[in-house]
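For reference, the chains in residue letters:
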Amino acid sequence: MSILSAPPARAFIHSPSVGLAEPAFAAMDLIDDHLDSLYHQQRILGYNIVVILDEHQERDELIPAHLAREVTLSAFPYLFARVQMPVHPEVDIDDLMLQLSAVRIS
């Protein structure tokens, strides 16, 4: 399947580390391990995870700022993850990310 025929990627923010660089980078390692495992099992099509340091980076990453603000309240840095799911997902990514304290924003 082409990524072009897949549904839109889902976007998440790790809420406990908003405004805190060290916890954001620590959470990035943990979430990356989970998503990397799912990717190698071919249960997700791809992912991107990054600590957003400011509004410029937020814009460069094409993050919908109005949705991010609902979680971040305009605080930086924050951990952002985008996950590309297949058309017929075998994993409940929303539940997994919620277990990792990441809130879905889109």
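Structure: see above.
The structure presented is a predicted model; accordingly, all values stated were derived computationally and were not measured.

**Considerations on the side chain of Glu58**
Secondary-structure assignment places Glu58 in helix H2 (residues 55-60). Only 2.7 Å separates the side chain of Glu58 from the side chain of Arg69, close enough to count as a polar contact. Other than its neighbours up to four places away in sequence, Glu58 contacts Ile52, Ile63, Ala65, Ala68, Arg69, Phe76 and Tyr78.

**Description of helix H1 (residues 21-40)**
In this model, H1 (20 residues) spans 28 Å end to end at C-alpha, consistent with the 28 Å of a helix rising 1.5 Å per residue. Considered for burial, the residues of H1 that qualify are Ala24, Ala27, Met28, Ile31, Leu35 and Leu38. End-on view of H1: buried residues confined to an arc of 115 degrees, all on one side of the axis. Residues Glu22, Asp33 and His40 are exposed on H1 and point more than 90 degrees away from its buried face. Buried residues belonging to H1 abut strand S1 (10-14), strand S2 (46-52), strand S3 (78-84) and helix H4 (93-99).

**Here we look at unusual backbone geometry**
Between Phe76 and the following residue, Pro77, the backbone shows a cis peptide bond with an omega angle of -5 degrees. With respect to the helices, strands and loops of the structure, Pro77 is situated in the loop between helix H3 (65-72) and S3. Despite not being glycine, Leu62 has its phi angle at roughly 60 degrees, a positive value. Within the fold, Leu62 resides in the loop between H2 and H3. Despite not being glycine, Ser74 shows a phi value in the positive range, around 70 degrees. Turning to its location among the elements, Ser74 is positioned in the loop between H3 and S3. For Ser74, a relative accessible area of 46% corresponds to the partly exposed category.

Cut-offs and rules
Residues numbered from 1 in each chain as written. Predicted model: local features only at pLDDT ≥ 70, side-chain atom pairs only at ≥ 80, totals over all residues. Heavy atoms only, no water. Helix = DSSP H or I, 4+ residues; strand = E, 2+ residues; numbered from the N terminus. Polar contact = N/O pair within 3.5 Å; in protein donor to acceptor, adjacent residues only side chain to side chain. Contact = heavy atoms within 4.5 Å. Expected span 1.5 Å × (residues − 1). Buried < 20%, exposed > 50% of the residue type's maximum accessible area, 1.4 Å probe, protein only. Arc of directions from axis to C-beta.

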